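Inside the fold
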Amino acid sequence: MVDRTTEAEARLRAMLQRVFADGVLEPHEKDELRQLYTQGGLTAPRVRVIFGELLRTTYARVMEDGVVTDDEKRELRSIVDGLKLPPEMVPDEVRRVLG
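Residues numbered from 1 in each chain as written. Predicted model: local features only at pLDDT ≥ 70, side-chain atom pairs only at ≥ 80, totals over all residues. Heavy atoms only, no water.

1. Focus: the overall build of the protein chain
For the protein chain, the count of helices and strands is five helices and zero strands. Here the C-alpha radius of gyration of the protein chain, 14 Å, is about what a compact globule of 99 residues would show, namely 13 Å. For the protein chain, the accessible area works out to roughly 6200 Å², and carbon and sulfur atoms hold 52% of it. The average position of the 16 basic charges and that of the 19 acidic charges among the side chains of the protein chain differ by 5 Å. (Helix = DSSP H or I, 4+ residues; strand = E, 2+ residues; numbered from the N terminus. Rg over C-alpha atoms; globule rule 2.2 N^0.38 Å. Areas by Shrake-Rupley, 256 points an atom, 1.4 Å probe, with all protein chains shown as cover. Lys, Arg positive; Asp, Glu negative; His and termini not counted. Charge placed at Lys NZ, Arg CZ, Asp CG, Glu CD.)

2. Thoughts on the side chain of E72
Within the fold, E72 resides in helix α4 (residues 70-82). Summary of buried charges: E72 has no salt-bridge partner, and the nearest side chain of opposite charge, R61, is 5.2 Å away. Dropping the residues within four chain positions of it, E72 is found in contact with V62 and V67. (Buried < 20%, exposed > 50% of the residue type's maximum accessible area, 1.4 Å probe, protein only. Salt bridge = Lys/Arg side-chain N within 4 Å of Asp/Glu carboxyl O. Contact = heavy atoms within 4.5 Å.)

3. Topic: the nonpolar core
Counting residues in each nonpolar core, the largest one holds 27 residues, and the members touching the most others are L12, L16, L83 and L85. Among the elements of the structure, α1 (4-19), α2 (27-39), α3 (44-63), α4 and α5 (92-98) are those that each provide at least two residues to this core. The element best represented in this core is α3, accounting for seven residues. Those residues in contact with L12 that sit more than four places away from it in its chain are L33, L36, Y37, L42, V47, I50 and F51. (Core = buried A, V, L, I, M, F, W, Y, C linked by side-chain atoms within 4.5 Å.)

4. A word on the pattern of salt bridges
All chains considered together, the criterion is met by 10 salt bridges. Across the pair R11 and E7 runs a salt bridge, and its minimum N-O distance is 3.5 Å. In this pair, R11 and E7 are both assigned in helix α1, four residues apart and thus about one turn of the helix distant. Of the residues examined, R11 reaches a relative accessible area of 41% and is grouped as partly exposed. Across the salt bridge formed by R46 and E9, the nearest N and O atoms sit 2.8 Å from each other. Placement of the pair is R46 in helix α3 and E9 in helix α1, with a sequence separation of 37 residues.

5. What about the packing of aromatic side chains?
Using the criterion set out here, one finds one aromatic pair in the structure. Note on Y37 and F51: the rings are 6.3 Å apart at their centroids and 75° apart in plane angle, and the pair reads as edge-to-face. Of the two residues, Y37 sits in helix α2 while F51 sits in helix α3, which places them 14 residues apart along the sequence. A residue is classified by how much of its surface remains accessible, and Y37, at 21% relative accessible area, is partly exposed. (Phe/Tyr/Trp six-rings, centres within 6.5 Å; stacked < 30°, edge-to-face > 60°.)

So, in structure tokens, the structure goes:
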């Protein structure tokens, strides 16, 4: 049986994919995210881990062909800025790409 926290983590991951699919985190989407991890019983450290996973996964996909386009930079930037990731959560390689 899946516990409530694990289920909330899975829903958060799915929601992050959905809200960043268009490259823009809208205010109502921010509210949805906040509501999900608050009501899902997720701790702030766990949410940060999941945010970091999204950034690393996106970076890996961006780097698959070895060329980073302006659109891909915007995608990475929208994650960093939209989720208000502090500098220590942004890996050095992502910072280099973002300039």
